[in-house]
Amino acid sequence: MSAVTIVLIAFALILLSTGLGLLLRHRLPERHLSGDSKDVIKLATALVGTMSALVIALLFASTRASYEATGSQISQLTASVIELDRILKGLGEEGAALRHVLREDVKALADSIWQSETGNSTKAVAEEISVVGKLRQLVTQDPQGVWQARALAVSNALAQIQLSLQSHPPDSMSKPFVFLLVLWLCFIFATFAMSSAPNATLLCVLFFCALSAASAIYLILELGQPFDGLMQVPSTPLRNALPPL
């Protein structure tokens, strides 16, 4: 289920709970919403609201850090690809053939990481970057080759980053956790609607508050999916890292 779908469902549930609160406002006896009962409702709402705010803040900080770390790995991957291409350029004819292989590997690697652009990611994950195996053969044949050894070291680092990126879960946010957060927000907005007689200003404020809460959930879900959605890490730098031969 996409982040947009989840947020639309959450927004609809929050609005539904607000409508339920307005309905209860008219159905419940006045003594249930005044005096000590009103004070207890305010304290309970404040408690749940504080927990919700803390959870949203922690989730945003966590997903933001994960998103930035993933972006940094993509930058390292791109730099390693460019460095490897330059090293292979100095290996002469053998390096020229491997540079062609490297360009094919980079394209397959980008397709396997950004799974939304291709449905063939499982095969790409299982396969090692082919240029790594060819470089190992070169180093075995010429163990004193400094350039070959350096190229192999860079390609091994590139393969490690590849495995790290491809092992990233497609959705790091737990669905039951999101459901619990939405449940808390529904309770908060229901009690808000019960606290005062409905009017145009109150309804507008509650609507935009519900929209803001849903937007916060959407932002968290998007940051938790760095290779999908509207806020995904761009693949253009990696795809265009190597100019044509």
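As a reminder, the structure under discussion sits directly above these lines.
Predicted model, so just to flag it, every value in this text is computed and none were measured.

Undergrad: Whenever I open this one, the overall build of the protein confuses me. Can you help?
TA: When helices and strands are counted, the protein shows nine helices and zero strands. Secondary structure elements in the protein, listed N-terminal to C-terminal, are α-α-α-α-α-α-α-α-α. Looking at the protein as a whole, 40% of its 245 residues are labelled buried. Contacts spanning at least 24 positions in sequence make up 80% of the contacts within the protein whose residues lie at least 6 apart. When the accessible surface of the protein is totalled, it reaches about 13500 Å², and 65% of it is carbon and sulfur.

Undergrad: Which parts of the structure should I look at to understand a nonpolar patch on the surface?
TA: Together, Met1, Ile9, Leu13 and Leu16 line one region of the surface with nonpolar side chains, adding up to about 420 Å² of accessible area. Counting through the fold element by element, leucine 16 comes out in helix H1 (residues 3-27). For leucine 16, a relative accessible area of 60% gives the class exposed.

Undergrad: Hey, could you run me through helix H8 (residues 200-223) in this one?
TA: Since the α-helix turns once every 3.6 residues, residues separated by three or four places project in the same direction. Helix length check: H8, at 24 residues, gives a terminal C-alpha distance of 35 Å against a target of 34 Å (1.5 Å per residue), a fit within 8%. Taken as a whole, H8 has its buried residues at Leu202, Leu206, Ala210, Ala213, Ala214, Ile217, Tyr218, Ile220, Leu221, Glu222 and Leu223. Looking at the buried side of H8, the elements it contacts are H1, helix H2 (36-89) and helix H7 (175-194). Between a side-chain oxygen at the N-terminus of H8 and the backbone nitrogen of threonine 201 the separation is 3.2 Å; the capping residue is asparagine 199.

Undergrad: Whenever I open this one, the side chain of arginine 99 confuses me. Can you help?
TA: Mapped onto the secondary structure, arginine 99 falls in helix H3 (residues 93-113). Look at arginine 99 and you get buried, because its relative accessible area is 13%. In terms of polar contacts, arginine 99 uses its side chain to reach the side chain of aspartate 85, at 3.0 Å.

Definitions and cut-offs
- Residues numbered from 1 in each chain as written.
- Predicted model: local features only at pLDDT ≥ 70, side-chain atom pairs only at ≥ 80, totals over all residues.
- Heavy atoms only, no water.
- Helix = DSSP H or I, 4+ residues; strand = E, 2+ residues; numbered from the N terminus.
- Buried < 20%, exposed > 50% of the residue type's maximum accessible area, 1.4 Å probe, protein only.
- Contact = heavy atoms within 4.5 Å.
- Areas by Shrake-Rupley, 256 points an atom, 1.4 Å probe, with all protein chains shown as cover.
- Patch = residues over 30% accessible without salt bridge, like charges linked within 9 Å, V, L, I, M, F, W, Y side chains within 5 Å.
- Salt bridge = Lys/Arg side-chain N within 4 Å of Asp/Glu carboxyl O.
- Expected span 1.5 Å × (residues − 1).
- Polar contact = N/O pair within 3.5 Å; in protein donor to acceptor, adjacent residues only side chain to side chain.

None of this, on its own, says anything about what the molecule does.
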